[in-house]
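# Structure assessment
What follows is the residue order along each chain.
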Amino acid sequence: MANKIIVAIDGFSSCGKSTIAKQLAVRLGYNYIDSGAMYRAITLYFLRNGVNYNDHDQVVAALADIHISFVFNEQAKASDIYLNDEDVSLPIRDMLVADKVSQVAAIKEVRTFAVAQQQRLGNKKGIVMDGRDIGSVVFPDAELKIFMIADPAVRVMRRFKEMYATNPHITIDEVRHNLELRDYIDSTREESPLKQAEDAILLDNSSMSREEQLEKVIGWVKERSMANAQI
Ligand code: DC
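Remember, it's a predicted structure, so these values are computed and weren't measured experimentally.

The secondary structure content of the protein amounts to nine helices and eight strands. Relative to its length of 231 residues, the protein is compact, with a C-alpha radius of gyration of 17 Å against a globular reference of 17 Å. Across the protein, contacts joining residues at least 24 apart in sequence account for 72% of those joining residues at least 6 apart. For the protein, the distance from the average site of its 28 positive side-chain charges to the average site of its 33 negative ones is 4 Å.

Further remarks concern the packing of aromatic side chains. Summed over the entire model, instances satisfying the criterion amount to one aromatic pair. Relative to Tyr164, the ring of Phe160 has its centre 5.5 Å away and its plane inclined at 40°; by these criteria the two rings are tilted. With Phe160 and Tyr164 both in helix α7 (residues 152-164) and four residues apart, this pair spans about one turn of that helix. For Phe160, a relative accessible area of 15% gives the class buried.

Turning our attention to the side chain of Gln213. Residue placement: Gln213 occurs in helix α9 (residues 210-230). A residue is classified by how much of its surface remains accessible, and Gln213, at 3% relative accessible area, is buried.

All right, on to the pairing of strand β7 (residues 144-149) then. Of all six residues that make up β7, five are buried, and the element is covered over most of its length. Sheet topology note: the strand β1 (residues 6-11)/β7 ladder contains five bridges and is parallel. Its bridge partner lying in β7, Ile9 is registered against Ile146. The sheet contact formed by β7 and strand β8 (residues 201-204) spans four bridges and is parallel. Bridged to Phe147 within β8 is Leu202.

With that settled, the discussion passes to the sheet that holds strand β3 (residues 68-73). The strand order across the open sheet formed by three strands is β3-β4-β5, and the pairing between neighbours is antiparallel. Of all the strands in the sheet, just β3 and β5 (86-87) have a single pairing partner and so form its edges. Pairing geometry for strand β4 (residues 78-83) and β5, over two bridges, is antiparallel. By the bridge assignment, Leu83 is partnered in β5 with Glu86. In the packing of helix α2 (residues 35-48) onto the sheet, the strands contacted are β3, β4 and β5, and the crossing angle to β4 comes to about 25°.

Before going further, it helps to spend a moment on empty space enclosed by the protein. Evaluated as defined, the whole model comprises one cavity of 30 Å³ or more. Of the voids in this model, the largest cavity is the one considered here, and its volume is about 40 Å³. If you trace the largest cavity, you find it lined by Asp10, Gly135, Lys145, Ile146, Phe147, Lys195, Gln196, Ala197 and Ala200. For the lining of the largest cavity, the element with the highest residue contribution is β7, accounting for three residues.

Attention now goes to the sheet that holds β8. Sheet architecture is open: five strands sit in the order β2-β6-β1-β7-β8, paired in parallel fashion. This sheet does not close on itself; its edge strands, each paired only once, are β2 (31-34) and β8. For this sheet, the mean angle separating the axes of adjacent strands, direction not counted, is 20°. Where α2 meets the sheet, its contacts fall on β2 and β6 (127-131), and the angle it forms with β2 comes to roughly 40°.

A word on unusual backbone geometry. Here the phi dihedral of Asn84 falls at roughly 45°; this positive angle occurs in a residue that is not glycine. You can call Asn84 partly exposed: its relative accessible area is 32%. Of note in the backbone geometry, Ser192 takes a positive phi value of approximately 40° without being a glycine. Relative to the elements of secondary structure, Ser192 occurs in the loop between α8 (172-188) and β8.

Definitions and limits used
Residues numbered from 1 in each chain as written. Predicted model: local features only at pLDDT ≥ 70, side-chain atom pairs only at ≥ 80, totals over all residues. Heavy atoms only, no water. Helix = DSSP H or I, 4+ residues; strand = E, 2+ residues; numbered from the N terminus. Rg over C-alpha atoms; globule rule 2.2 N^0.38 Å. Contact = heavy atoms within 4.5 Å. Lys, Arg positive; Asp, Glu negative; His and termini not counted. Charge placed at Lys NZ, Arg CZ, Asp CG, Glu CD. Phe/Tyr/Trp six-rings, centres within 6.5 Å; stacked < 30°, edge-to-face > 60°. Buried < 20%, exposed > 50% of the residue type's maximum accessible area, 1.4 Å probe, protein only. Pairing = 2+ DSSP bridges. Axes fitted to C-alpha atoms, helices over the stretch in contact; angles between N-to-C directions. 1 Å grid on protein atoms, 1.4 Å probe; cavity = no way out; pocket = protein on both sides within 12 Å on 5 of 7 lines; lining within 4 Å. Points joined across faces, edges and corners; volume = space filled by probe spheres on them.

Dropping the structure here:
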């Protein structure tokens, strides 16, 4: 598949977006960018530095001090995220960050900052990016857009297992509450709310194996890469 395209994957939290995005990037030799990790890194910076995110001036000043980069980790076959030269791949997964990230991601200035960087990362194509507004705002011309959904109970258990590995004190109720709250904020906010782009393909993976899902999506990528080559 010589013709590189942009694959935009959107959906609610814990629908398995990053799993498929990572697998896809490895199979295709593409770059994978987790856009949610950027909002999490910004939230981590705000929390550590006591930035009041309701104060516009404080937000603008803090963003000027934030530099985010992605460095490919050969072992993990995915990129680590750096916040001002510190690898924050682990601390951004903390519940303290999860509790606040949707509020931070709803701020207009924060989105403008993150979207500009996301668009720069995609300007050479050959990228898989997942998030909430990738097909609708970041790459409205992406050749392949996927909108993922999964049964809420399946999503809660997936996120619980992921978080339990690093935090054995976490409860299923805490995870459920956090997901419900983030779903609500992410889909009702004024700035680029989560919604399915008109030309996105709906993928419900509640009862699909990872292999089945990957083969299905690879098929779509082949189709779109060929169509793109003929233009
Ligand atoms: O994908 P995630 O759960 O790590 O994302 C964390 C938060 O960031 C999520 O609650 C909403 C926000 N987000 C966003 O607003 N836009 C994106 N493109 C990606 C994430």
